[in-house]
Structures are given as structure tokens and as C-alpha cells.
There are 2 protein chains.
Amino acid sequence: MHDLLLSHLSKHISLSDEEAAKLTTYFEPKVFKKKAYLCRVGEIFREATFVDQGCFVTYSFDKNGKTHVAQVASEGWWAGDIYSFLTQKPSDYFVESFENSTVLQISKAGLETLYLEIPKMERYFRIIIQNAYISMRERMMAAMSKPAMQRYMEFLEAYPGIDQRVPQYVVASYLGIRPEFLSRIRKKLARR
Amino acid sequence: MHDLLLSHLSKHISLSDEEAAKLTTYFEPKVFKKKAYLCRVGEIFREATFVDQGCFVTYSFDKNGKTHVAQVASEGWWAGDIYSFLTQKPSDYFVESFENSTVLQISKAGLETLYLEIPKMERYFRIIIQNAYISMRERMMAAMSKPAMQRYMEFLEAYPGIDQRVPQYVVASYLGIRPEFLSRIRKKLARR
């Protein structure tokens, strides 16, 4: 159950067998059926959530009812709303499972204890949060400058195969373009 | 010279005297005259920079030549472009000293060694980067929703006294409003 998490951790830190065994007791496995919510707008995102199997989409609606996708997370990613988790303020997002999914969860208090118990986890999450920071900045900049085709190709690179697992409107919204425009981009790429 | 940095560190971690002494050898003091650049657009922001004295403004110009202020950093803040530092990609910003300033700098390679030498620094920078993440998200959300008056009051709370030290157009740009509008807000607040 914890294999994928441990292999993800091992990319950044090396834990002893004892530390790994202790660590797993901090993470609670949980199952989410397709279309279940990890979190709804206005709720606090209370558990940091590592995706072991399945796929989650983080999104909001604007005042015109248009969907805005902020994140897609499949196996090996941390899903949900980091901002709400870190600040324990209500989330601006829905976090919904788009497949039957299993996850590993840890509360903020649990994580604070884990940092004291296994200080190497400071390094792991320092790197994870750095990456989240980098990715948020790149999304802001990409939305302003890069052509949609390039953004789509970078999306495919970051999330291999995911475009077959979530509906086209999710991918389009993530890229900040209309679904019809994404269709055209896909056709262009297929012809290459 | 390193007192302010050490007191800032002590908010988040406690270092032994030996660790503190070792740490200071990693940070190089440097002086920047008013109007000097820590970094220009297209350059890599190579040194994480802690402000010991003075004040720096991080900004860019859009294609119409309009200034956009991304950050104001005075004593006790980390100045500059975290994104460029973390990725070692060229910066989209100018980072300019708005007063005669002294800073403490550490390179990316130096910081990686420091993490191994004093692992407690992982915790410190995990928290610093978390805060940067939170603040970037709040700026994005504030730009979309909060009234300018509230944003200005939050700015004054976050940076006490700074509005007397940088020109009004810097503060206005940071808040994403026109300088004339900021003038009106200031007058309103003064009348309260």
C-alpha cells in the first residue's frame, strides 16, 4: 500500500527501514469512488493527499459558471489544494476523483509531528513545495506568453497518458483554452 | 553583521553556537548602493539574498512600458526572484536597491552544501518557501477579488513604514492600481 509513496520519497531522501516503517504509520489509506470529493469550495483541505491509484482534478467555477482546472493529479502526485492545507483556510476549489482512487493521507498536525520524528521529511517537503512554487509560477507565466500548442505538449510531458483518462474539457481548462481549440491542436499534432 | 539573519533563523529553528558560527561562513556580506541592480531581466538570479539593511524592489515592464512591482523587500526579508534562483533560469525581473543596502548572499551550490552540513536549514527554508507559496497565491487571489483599500492596509501591515521609503508608484504598482487611485485611498485613510 505504501510502496509508491516510499519510492517517491526515495527520489529525494533515503530512509532507514525503521524510519520507513515508522513513516507509514502516519499515513492513512483511504478509498474514493469516482466522482467523490476530497474537498469542496469553502471547506478546509485538511489532509495532505498522496495519490496511490486513480486520478483527481482540482477546479473552480467562475461567476459565469465556467470551469477552471488548477491541477490534475494521478499516481505519485500530491493532490488537492496546498494553500488551504498550509493555511487551514477554506479552499477555493473542488477536488474530485475522476476515477476510483486510493490515496494516503496525513493531517497538518500529523505532518508537524512527523517533521519532528523524522527530520529528513523537512527536506522532502522543502523540495515538494519548491516544485509547487515553480509550477505555479510557470503556469502564471505560460498563461501570459507561451502558445497553446506548446503548453499542451508540456502538459503531455508532465502527465503522460493523462489526456486519455480525463475528459477533454478538463485538459482544455487546465491549459486555459476552449475545448474546440484543443481539438484543433490535437488534430494538428496527429497529422505531424 | 549576521545578527539579523541569525535572529530571523531563530524564529523557526534553534541553532547551537557552533552551528551558528559555521552557518555565517556560508553567507557573504555585500553592499549595494542605491539604484544598483541585484539582477536584471534575462540574468540568472544566482544568489539567495537576505536584506540586512536597506530596501530592494523586484519589478518588470510590460510591453507598454508599464512597471509591475512583484516584491518589496526590506530588513529581514529575502529579496529577489526565488523562481530564477531555484530553477537557475533567466529572471523576468529587475531587482534594484532603492536605498544604500547591505545584504548576505549564498549561491545555490552553497545552499545545497549548507543543507547537508546543517540539516536544520531544510526546515527553515521549507517554511520560507511555504510562506512564499502562500504569499504568491494570496497576491493572485487579491488581485482578483479584494478591494484596493483592503490590499493597501494589508500591505502596510506586512511592510510597516515601507510606504515612506519607496516612491508611491512602486506601492501602487505592487497593489495593481494607478498612483492617482492610491493617493485617493491615502487621503481617505488620513481622514479616518
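- If you check an unreviewed UniProt entry, chain A appears there as Crp/Fnr family transcriptional regulator from Agaribacillus aureus.

## Here we look at unusual backbone geometry
Negative phi is the rule for most residues except glycine; trans is the rule for most peptide bonds.
Stage number 1. Of note, A:Q88 is a non-glycine position whose phi angle comes to about 55 degrees, a positive value.
Stage number 2. On the secondary structure map, A:Q88 appears in the loop between α3 (82–87) and β7 (94–97).

## A closer look at the environment of A:Y159
All names here are of chain A.
Stage number 1. Turning to its location among the elements, Y159 is positioned in the loop between α6 (148–158) and α7 (168–175).
Stage number 2. For the pair formed by Y159 and M149, sequence separation is ten residues and the distance between their alpha carbons is 15 Å.
Stage number 3. Residues within four places of Y159 in sequence aside, it is in contact with Q71, V72, W77 and Y174.
Stage number 4. A polar side-chain atom of Y159 sits 3.3 Å from the main-chain carbonyl oxygen of V72.

## Comments concerning the domain arrangement of chain A
Residues and elements named next belong to chain A.
Stage number 1. Domain parsing of chain A yields domain 1 (3–134) and domain 2 (146–192).
Stage number 2. Between domain 1 and domain 2, the C-alpha centre-to-centre distance is 24 Å.
Stage number 3. Contact with domain 1, which involves 14 residues of that partner, is made by eleven residues of domain 2.
Stage number 4. Together, the buried faces of domain 1 and domain 2 total about 1,000 Å²; carbon and sulfur atoms form 63% of this surface.
Stage number 5. Contact with domain 2 buries surface across domain 1, with V69, V72 and F98 losing the most and accounting together for 48% of the total.
Stage number 6. Scanning the region where domain 1 abuts domain 2 turns up two salt bridges.
Stage number 7. At the junction of domain 1 and domain 2, the tally comes to six residue pairs in polar contact (both at pLDDT 80 or more).
Stage number 8. Elements supplying a minimum of two residues to the side of domain 1 that touches domain 2: β4 (55–61) and β5 (67–74).

## Description of the interface of chain B and chain A
Stage number 1. The interface of chain B with chain A comprises 25 residues on the first partner and 25 residues on the second.
Stage number 2. Of the roughly 2,500 Å² buried where chain B meets chain A, counting both sides, 64% is carbon and sulfur surface.
Stage number 3. Between chain B and chain A we count ten salt bridges in total.
Stage number 4. For B:E122, the salt bridge is made with A:R123, and the minimal N-O distance between the two is 2.5 Å.
Stage number 5. Here chain B is connected to chain A by twelve residue pairs in polar contact (both at pLDDT 80 or more).
Stage number 6. When residues of the side of chain B that touches chain A are traced back to their parent elements, those giving at least two are α3 (82–87), α4 (108–117) and α5 (120–144) of chain B.
Stage number 7. When residues of the side of chain B that touches chain A are assigned to their parent elements, the largest contribution, 14 residues, is made by α5(B).
Stage number 8. The residue makeup of the side of chain B that touches chain A, split by class, is 14 nonpolar, two polar and nine charged.

## Looking at the side chain of A:E96
All names here are of chain A.
Stage number 1. Examined against the element boundaries, E96 turns out to sit in strand β7.
Stage number 2. Here E96 is buried and forms no salt bridge, its nearest opposite-charge partner K35 lying at an N-O distance of 6.2 Å.
Stage number 3. A polar atom in the side chain of E96 sits 2.5 Å from the side chain of Y59.
Stage number 4. In this structure, E96 is in contact with K35, A36, Y37, C55, F56, V57 and Y59, ignoring residues within four places of it in sequence.

## Brief notes about the UniProt feature "domain: Cyclic nucleotide-binding" (unreviewed entry) in chain A
Stage number 1. In the UniProt entry, the feature "domain: Cyclic nucleotide-binding" (unreviewed entry) is given for residues 30–115 of chain A.
Stage number 2. Here residues 30–115 of chain A runs as 16% helix and 48% strand, with 22 Å between its end C-alpha atoms.

## Re the nonpolar core
Stage number 1. Formed by 74 residues in total, the largest nonpolar core has its most connected members in A:W78, A:M121, B:W78, B:M121 and B:F125.
Stage number 2. For A:W78, the residues in contact, after removing those within four places along its chain, are A:L5, A:H8, A:F27, A:A48, A:T49, A:F50, A:Q71, A:A73, A:Y124, A:F125 and A:I128.

## Focus: the packing of helix α6 (residues 148–158) of chain B against helix α8 (residues 179–191) of chain B
All names here are of chain B.
Stage number 1. Two numbers describe how α6 lies on α8: the axes approach to 10 Å, and their chain directions differ by 75 degrees. On the basis of the axis angle, α6 is roughly perpendicular to α8. Contact with α6, carried on its side by A148, M149, Y152 and M153, involves F181, L182, I185, R186, K188 and L189 of α8 and no other residues of that element.
Stage number 2. Grouping the amino acids of the contact of α6 with α8 by side-chain chemistry returns eight nonpolar, no polar and two charged.

Analysis parameters
- For every chain, the first residue of the written sequence is number 1, and numbering continues from 1 along that sequence.
- Key to labels: chains lettered from A, ligands numbered from 1, both in the order written.
- Thresholds applied to this predicted model are a pLDDT of at least 70 for local features of residues and 80 or more for the giving and counting of side-chain atom pairs; totals over whole chains, interfaces and linings are not thresholded and use all residues.
- Remark: hydrogens and water are excluded; side-chain values derive from all non-hydrogen atoms of the structure.
- By definition, any uninterrupted DSSP run of H or I lasting at least four residues is a helix, any uninterrupted run of E lasting at least two residues is a strand, and each is numbered from the N terminus.
- Residues count as neighbours in contact if any of their non-hydrogen atoms are within 4.5 Å of one another.
- Residues adjacent in sequence count toward polar contacts only when both atoms are side-chain atoms; beyond that, a polar contact is any pair of N or O atoms within 3.5 Å, and within protein one must be able to donate a hydrogen and the other to accept it.
- Note that the domain bounds were set by an automatic or database domain assignment.
- When two parts are put together, the accessible area they lose, computed with a 1.4 Å probe and summed over both, is reported as buried area.
- Think of a salt bridge as a Lys or Arg side-chain nitrogen and an Asp or Glu carboxyl oxygen that are within 4 Å of each other.
- The residue classification treats Ala, Val, Leu, Ile, Met, Phe, Trp, Tyr, Cys and Pro as nonpolar and Asp, Glu, Lys and Arg as charged. All others, Gly included, are polar.
- Using a 1.4 Å probe on the protein chains alone, a residue whose accessible area is under 20% of its type maximum counts as buried, one over 50% counts as exposed, and one in between counts as partly exposed.
- His is not counted here, nor are the chain ends, while Lys and Arg score as positive and Asp and Glu score as negative.
- UniProt positions are given in the numbering used here, feature names are shortened, and annotations may be inferred rather than shown by experiment.
- Residue types Ala, Val, Leu, Ile, Met, Phe, Trp, Tyr and Cys, when buried and joined through side-chain atoms within 4.5 Å, form a set referred to as a nonpolar core.
- To define axes, lines are fitted to C-alpha atoms, for helices over the stretch in contact only, and angles between the resulting N-to-C directions are given on a 0 to 180 degree scale.
- The labels follow the angle: roughly parallel below 35 degrees, roughly antiparallel above 145, roughly perpendicular from 65 to 115, and oblique for the rest.

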